[in-house]
Amino acid sequence: MLKKKKEYVVGVVGATGAVGEEMVSVLEERNFPVAELRLFASERSEGKVMEFKGDPVTVHKLTEESFKGVDIALFSAGAERSKNFAPVAVREGTVVVDNSSAWRMDPEVPLVVPEVNPHDLEWHKGIIANPNCSTIQMVVVLKPIHDAARIRRVVVTTFQSVSGTGKKAMDELLKQTTALLNFKDIECNVYPHQIAFNVLPHIDKFMEGGYTKEELKMVNETKKIMGDDSIKVTATTVR
Ligand SMILES: NC(=O)c1ccc[n+]([C@@H]2O[C@H](COP(=O)([O-])OP(=O)(O)OC[C@H]3O[C@@H](n4cnc5c(N)ncnc54)[C@H](OP(=O)(O)O)[C@@H]3O)[C@@H](O)[C@H]2O)c1
């Protein structure tokens, strides 16, 4: 459990990424009581300098030693890093808020959207999972309807931004857009097909049964957050 303090030592894992950069700016925007901010990423970013409240903060390579003295760590560096490093952080007494898919469906880990199931925070054992971005927005709308009238079935289609795939995807969109507007050929590296001026009904990999992993996240995470396995969800997720 997090001890109440005036200010906290906060770590951001994946600080140089699309999500990590937003986390740093939201900490600043909300005036979160940060005693010290520690930024971590891969060795590619070692020594890079970011800014927090006008002060420079150096990015360090994530290691098993990174969490000493860190009260809260916000993880956003991919599921593999979360699987490997969140337990290390918890052993140091850090409370981890994980943005990846690594722990979301673990029965020992609460999956929390503050507007929907804040009570689930009470039983965390060091890791708190944050749902898929589409699930978050959907359950905020579903919760009051479910409370008032009980939802039996949800049919949802999402059209999701390229930024959800991370920085490299945003660069690919820009390059393809520039190329197409100049009548040049495009390269596809991040996505299997052209993404500029296009939509792809394919996010993450295809699973058994024909749904994508992203679609199944919306199905399973919704049930866990709403605390009701009987809600039927069918999702089509489009990039
Ligand atoms: N819950 C949500 O709403 C939501 C929404 C979008 C994304 N996400 C999740 O958030 C995570 C990051 O997404 P993103 O869009 O920000 O991706 P991104 O722009 O590609 O950034 C990835 C970040 O992870 C770091 N990283 C990569 N390999 C690492 C390693 N071996 N050790 C330490 N750090 C490493 C990168 O550091 P370098 O810059 O040094 O490479 C970078 O800071 C993903 O797990 C994604 O699924 C969650």
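The shown structure was predicted, so the numbers you read here are calculated from the model rather than taken from an experiment. (Residues numbered from 1 in each chain as written. Predicted model: local features only at pLDDT ≥ 70, side-chain atom pairs only at ≥ 80, totals over all residues. Heavy atoms only, no water.)

### Some words on the overall build of the chain
Here is step 1: For the chain, the helix and strand inventory stands at 5 helices and 9 strands.
Here is step 2: Helices and strands appear in the chain in the N-to-C order β-α-β-β-β-β-α-β-β-α-β-α-α-β.
Here is step 3: Relative to the globule expectation of 18 Å for 239 residues, the C-alpha radius of gyration of the chain, 19 Å, shows essentially globular dimensions.
Here is step 4: Counting the 239 residues in the chain, one finds 42% classified as buried.
Here is step 5: In the chain, 55% of the contacts between residues at least 6 apart in sequence involve partners at least 24 apart.
Here is step 6: For the chain, the accessible surface area stands at approximately 13,600 Å², while carbon and sulfur atoms represent 54% of it.
Here is step 7: Measuring between centres, the 31 positive side-chain charges of the chain sit 3 Å from its 33 negative side-chain charges. (Helix = DSSP H or I, 4+ residues; strand = E, 2+ residues; numbered from the N terminus. Rg over C-alpha atoms; globule rule 2.2 N^0.38 Å. Buried < 20%, exposed > 50% of the residue type's maximum accessible area, 1.4 Å probe, protein only. Contact = heavy atoms within 4.5 Å. Areas by Shrake-Rupley, 256 points an atom, 1.4 Å probe, with all protein chains shown as cover. Lys, Arg positive; Asp, Glu negative; His and termini not counted. Charge placed at Lys NZ, Arg CZ, Asp CG, Glu CD.)

### Focus: the sheet that holds strand S1 (residues 8–13)
Strand-to-strand pairing in sheets goes through backbone hydrogen bonds, with the strands running parallel or antiparallel.
Here is step 1: Strand order in the open sheet made by the 7 strands is S3-S4-S2-S1-S5-S6-S7, with mixed pairing throughout. The sheet is open, and its two edges are formed by strand S3 (49–52) and strand S7 (127–129), each paired on a single side. Between one strand axis and the next, the sheet turns through 25 degrees on average, direction left out of account.
Here is step 2: Helix H1 (residues 18–29) rests against S1, strand S2 (34–41), S3 and strand S5 (72–75) of the sheet, and its axis sits at about 30 degrees to S3. (Pairing = 2+ DSSP bridges. Axes fitted to C-alpha atoms, helices over the stretch in contact; angles between N-to-C directions.)

### A closer look at the pairing of S1
Here is step 1: With 6 of 6 residues buried, S1 is to be regarded as a mostly interior element.
Here is step 2: Neither face of S1 is exposed, since Tyr-8, Val-10 and Val-12 on one face and Val-9, Gly-11 and Val-13 on the opposite face are all buried.
Here is step 3: Regarding the hand of the β-α-β motif, the stretch spanning S1, H1 and S2 is right-handed.
Here is step 4: Pairing geometry for S1 and S5, over 4 bridges, is parallel. In the strand pairing of S5, Val-13 is matched with Phe-75. (Right-handed = clockwise from strand over helix to strand, strands pointing away.)

### Notes on the domain arrangement of the chain
Here is step 1: Segmenting the chain into domains produces domain 1 (8–99) and domain 2 (135–238).
Here is step 2: With centres defined by C-alpha atoms, the gap from domain 1 to domain 2 works out at 26 Å. (Domains from an automatic or database assignment.)

### So, the side chain of Arg-239
Here is step 1: Among the structural elements, Arg-239 can be located in the segment after strand S9 (232–238).
Here is step 2: Here Arg-239 sits buried without a salt bridge, and the closest side chain of opposite charge, Glu-214, lies 5.2 Å off (N-O distance).
Here is step 3: One polar contact links Arg-239 to Thr-165, side chain to side chain, over a distance of 3.2 Å. (Salt bridge = Lys/Arg side-chain N within 4 Å of Asp/Glu carboxyl O. Polar contact = N/O pair within 3.5 Å; in protein donor to acceptor, adjacent residues only side chain to side chain.)

### Details of H1
Here is step 1: Taking 1.5 Å of rise per residue, 12 residues should cover 16 Å, and H1 covers 17 Å from first to last C-alpha, within 8% of that figure.
Here is step 2: Where H1 is buried, its residues meet S1, S2, S3 and S5.
Here is step 3: Among the residues trailing H1, Asn-31 stands out with phi positive, at a value near 55 degrees. (Expected span 1.5 Å × (residues − 1).)

### A short note on a negative patch on the surface
Here is step 1: Negative charge collects at one region of the surface, where Glu-22, Glu-28, Glu-29, Glu-51 and Asp-55 lie side by side.
Here is step 2: It is H1 that contributes the most residues to the negative patch, 3 residues altogether.
Here is step 3: One can find Glu-29 in helix H1. (Patch = residues over 30% accessible without salt bridge, like charges linked within 9 Å, V, L, I, M, F, W, Y side chains within 5 Å.)

### Thoughts on unusual backbone geometry
Here is step 1: With phi around 55 degrees, Phe-183 is a residue other than glycine that occupies positive phi space.
Here is step 2: As for its placement among the helices and strands, Phe-183 is situated in the loop between helix H4 (167–181) and helix H5 (213–226).
Here is step 3: One non-glycine residue, Asp-204, lies in positive phi territory at about 65 degrees.
Here is step 4: Tracing the backbone through its elements, the reader meets Asp-204 in the loop between H4 and H5.

### Observations concerning the packing of helix H3 (residues 133–149) against H5
Here is step 1: Orientation of H3 relative to H5, taken along the N-to-C sense of each, is 40 degrees, at an axis distance of 10 Å. One element, H3, and the other, H5, form an angle in the oblique class. Considering only the axes of H3 and H5, their crossing is right-handed. Where H3 approaches H5, its residues Ser-134, Thr-135, Met-138, Val-139, Leu-142, Lys-143 and His-146 are matched on the opposing element by Glu-214, Lys-217, Met-218, Glu-221, Thr-222, Ile-225 and Met-226.
Here is step 2: Partitioning the contact of H3 with H5 into residue classes produces 6 nonpolar, 4 polar and 4 charged. (Parallel < 35°, antiparallel > 145°, perpendicular 65-115°, else oblique. Left-handed = near helix turned anticlockwise from the far one by under 90°. Nonpolar A, V, L, I, M, F, W, Y, C, P; charged D, E, K, R; others polar.)

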